[in-house]
Amino acid sequence: MLTLSELLIAHYDLDSFEGLKDLIAARIDAGERFLSLDVRPPFSDTPEDWEEQLESFFTARRP
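Keep in mind that this is a model prediction, so the values were computed, not measured.

Our next topic: the nonpolar core. With 15 residues, the main nonpolar core has Leu4, Leu20, Ile24 and Leu54 as its most contacted residues. Mapped by element, the contributors of at least two residues to this core are α1 (4–10), α2 (17–29) and α3 (50–61). Element by element, the count of residues in this core is highest for α2, at 5 residues. If we skip the residues at most four places from it in the chain, Leu4 touches Leu20, Ile24, Ser36, Leu37, Asp38, Val39, Pro41, Trp50 and Leu54.

Let's shift gears to the environment of Leu2. Mapping Leu2 onto the fold places it in strand β1 (residues 2–3). Between the C-alpha atoms of Leu2 and Ser36, which are 34 residues apart in sequence, the distance is 6.1 Å. Setting aside its immediate chain neighbours within four residues, Leu2 contacts Leu7, Ile24, Arg27, Glu32, Phe34, Leu35 and Ser36.

Before going further, it helps to spend a moment on the pattern of salt bridges. Scanning the model with the defined rule gives 3 salt bridges in all. For Glu32, the salt bridge goes to Arg27, with nearest N and O atoms at 3.2 Å. In this structure, Arg40 and Glu48 form a salt bridge, with 3.9 Å as the shortest nitrogen-oxygen distance. Look at Glu48 and you get exposed, because its relative accessible area is 74%.

Calculation criteria
Residues numbered from 1 in each chain as written. Predicted model: local features only at pLDDT ≥ 70, side-chain atom pairs only at ≥ 80, totals over all residues. Heavy atoms only, no water. Core = buried A, V, L, I, M, F, W, Y, C linked by side-chain atoms within 4.5 Å. Buried < 20%, exposed > 50% of the residue type's maximum accessible area, 1.4 Å probe, protein only. Helix = DSSP H or I, 4+ residues; strand = E, 2+ residues; numbered from the N terminus. Contact = heavy atoms within 4.5 Å. Salt bridge = Lys/Arg side-chain N within 4 Å of Asp/Glu carboxyl O.

The following block contains the structure:
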């Protein structure tokens with residue numbers, strides 16, 4: 001399971017919501033099947049509906 005907090009800790013150099021989506025996309029492509037949205041991304045460009053956006057992105061991108 002891909003946990004957002006663990007992803008953010010492991011990639012502390014991320015600086016944008018779009019960069020986070022790129023990283024999630026790479027993990028999906030590598031076979032990740034589940035996503036846990038346990039923390040709010042700390043970026044200035046994080047939208048208010050970030051949970052819905054990431055869930056939709058994760059679901060739509062899965063093979």
